[in-house]
Amino acid sequence: MPRFIAAIVLLLSVLTAHSVELVFGPKVTQSESNATIAWRTDVACGTRVSYGTSVEKLDQKVEGAVTADHLVTLENLTQGTTYFYKVGSARQQLGGGSFTLGNPSNPAAVVTPKAEAPKSMLQKLVDALAPEAPKTKPTPSPSTAVRAPPARVTWGYWESLQDHYNRHGPDFQSQSPEDYAAQAWHFLQRARTGQLQMKWDDADATLRVYDPKTRAFAAYNRNGTTKTYFRPNSPSYWERQPGKPIQPAQLPFK
């Protein structure tokens, strides 16, 4: 019996690891001899950065707390040296990149002057973690003319709605959790008319929907209720999502 329980715990750990998704970053902020890497995941998980001076040999690592907002500082780095890195947890790599310490033209890095006060540095990191909201609200599609059902009906796990709204509502200028849930529901209605790209994943019975024009992404349960709705930071996020492309007529719900 103990072996059976241990196997179940291991299986749950593996499934949990595969459910983690990167929703912001990674973003690098530099000082004279250090580099801080920040990223955000859709759920709390372990924190790890593997790095080195060769993309084939990331032989150094720094770990942090279990959280959804990850922040790791690489210390005692060498000016003018290019470093390669991968971010994620002990079980899963989520993204990566490179930066050259002291090179302000490096797009992967934001250089901070040596004399800058620690408080200003901290504020910049906080600002870096805040998702950038679009300057103008997207033009409503014809499907939004229909009023969405209440959030308690359209949102799959009611207890998670407030947290999703807090983290992703600014992506869509949502005015409240109810408004955010309604926007996710309208996004699904657009997909059902064939306006958006869709993938169905039999492994976890999830429908994934993506709009390449606005970079909006959502995931839905088998019954059509919403799992999440946000704008991924990575341009290759949709291509990396599991599932097979489907058409509206193939949807598992009506």
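Since this is a predicted model, take the numbers as computed values, not measurements.

Conventions we followed
Residues numbered from 1 in each chain as written. Predicted model: local features only at pLDDT ≥ 70, side-chain atom pairs only at ≥ 80, totals over all residues. Heavy atoms only, no water. Phe/Tyr/Trp six-rings, centres within 6.5 Å; stacked < 30°, edge-to-face > 60°. Lys NZ or Arg CZ within 6 Å of the ring centre and 35° of its normal. Pairing = 2+ DSSP bridges. Helix = DSSP H or I, 4+ residues; strand = E, 2+ residues; numbered from the N terminus. Core = buried A, V, L, I, M, F, W, Y, C linked by side-chain atoms within 4.5 Å. Buried < 20%, exposed > 50% of the residue type's maximum accessible area, 1.4 Å probe, protein only. Contact = heavy atoms within 4.5 Å.

Caption draft 1: Fine view of the packing of aromatic side chains. What the rule picks out here adds up to 12 aromatic pairs. Among the aromatic residues, those joined into a ring-pair cluster are Trp155, Tyr165, Phe172, Tyr180, Phe187 and Tyr229. Taking the ring centre of Trp238 as reference, the NZ or CZ of Lys199 above it sits at 4.7 Å.

Caption draft 2: Representation of the sheet that holds strand β10 (residues 226–230). The strand order β10-β9-β8-β7-β11 describes an open sheet built from 5 strands, whose pairing is antiparallel. Each edge of the sheet is formed by a strand with only one pairing partner; in this case those strands are β10 and β11 (244–245). Where strand β7 (residues 197–201) lies against β11, 2 bridges are found, and the strand directions are antiparallel. Opposite Lys199, over in β11, you have Pro245 as the bridge partner.

Caption draft 3: Broad picture of the nonpolar core. Counting residues in hydrophobic clusters, the biggest one holds 24 residues, and the most contacted among them are Tyr180, Phe187, Met198, Leu207, Val209, Tyr220 and Tyr229. At the level of secondary structure, the elements contributing two or more residues to this core comprise α4 (161–168), α5 (177–192), β7, β8 (206–211) and β9 (216–220). Residue contributions to this core peak at 6 residues, all from α5. Beyond its immediate sequence surroundings of up to four residues, Leu207 is in contact with Leu188, Met198, Lys199, Trp200, Ala218, Ala219, Tyr220, Ile246, Leu251 and Phe253.

Note that every value here comes from positions in space, so none of it alone points to a role or purpose.
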